[in-house]
Amino acid sequence: MILALTVCGIVVALVVAGLFLFGLRRRLIQRSGGTFDCSLRWDVAEKPDAGGKGWSYGVARYNGDRIEWYRVFSYALRPRRTLERAQIEVAGRRLPEGEEELALLSDAVVLACTHRGTRLELAMSEDALTGFLAWLEAAPPGQRVNVA
């Protein structure tokens, strides 16, 4: 009986520690400010699948001339993807279709982009999209920015 209680106590302590580390990581990412919730679908086909597959929920952070994207369900302190402002080309925007509505946040707008020749989609709120497009257009003089 004492062994079972000890094992249960250890399991509960590990779960609490894991949740604490998730929260601490998110706090460290957001500490410098300029973050927003952003789902990412990388290396998208010419005609995207409306089935909701391939989306990863994350947090994006502005860092100078880069966007750093972190997966939410990860313990990694480094960004999973880094997008340079000069390399991002916006192809268009749309509302989620079909089962995508279930895979994304309720108020999400999907932005189709290319980054160094790789097609990707970003899904974010309308407010975050406005800030993202303003950030893209605010590139220093002499940098090429392609916003559709």
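Keep in mind the model is a prediction, meaning the values are calculated, not measured.

Attention now moves to the environment of Ser 106. Tracing the backbone shows Ser 106 in the loop between α2 (100-103) and β7 (108-115). For Ser 106 and Ser 125, which are 19 residues apart along the polypeptide, the C-alpha to C-alpha distance reads 8.5 Å.

Further remarks concern the pattern of salt bridges. Under the counting rule described, the total for this entry stands at 9 salt bridges. Measuring nitrogen to oxygen at the nearest pair gives 2.7 Å for the salt bridge that ties Glu 68 to Arg 61. According to the relative accessible area criterion, Arg 61 is buried, its value standing at 14%. What you see here is one network of salt bridges that share partners, running through Arg 41, Arg 94, Glu 100 and Glu 121.

Attention now goes to the domain arrangement of the protein. Under the domain assignment used here, the protein contains domain 1 (1-31) and domain 2 (34-137). Domain 1 and domain 2 are separated by 30 Å when their C-alpha centres are compared. Listed as interface residues are 8 residues of domain 1 and, on the opposing side, 12 residues of domain 2. Of the roughly 910 Å² buried at the junction of domain 1 and domain 2 (both faces included), carbon and sulfur atoms supply 58%. Linking domain 1 with domain 2 are 0 salt bridges, by the criterion used here. Taken together, the links from domain 1 to domain 2 amount to 1 residue pair in polar contact (both at pLDDT 80 or more). A per-class count over the side of domain 1 that touches domain 2 returns 4 nonpolar, 2 polar and 2 charged.

Rules used throughout
- Residues numbered from 1 in each chain as written.
- Predicted model: local features only at pLDDT ≥ 70, side-chain atom pairs only at ≥ 80, totals over all residues.
- Heavy atoms only, no water.
- Helix = DSSP H or I, 4+ residues; strand = E, 2+ residues; numbered from the N terminus.
- Salt bridge = Lys/Arg side-chain N within 4 Å of Asp/Glu carboxyl O.
- Buried < 20%, exposed > 50% of the residue type's maximum accessible area, 1.4 Å probe, protein only.
- Domains from an automatic or database assignment.
- Contact = heavy atoms within 4.5 Å.
- Buried area = accessible area lost by both parts, 1.4 Å probe.
- Polar contact = N/O pair within 3.5 Å; in protein donor to acceptor, adjacent residues only side chain to side chain.
- Nonpolar A, V, L, I, M, F, W, Y, C, P; charged D, E, K, R; others polar.

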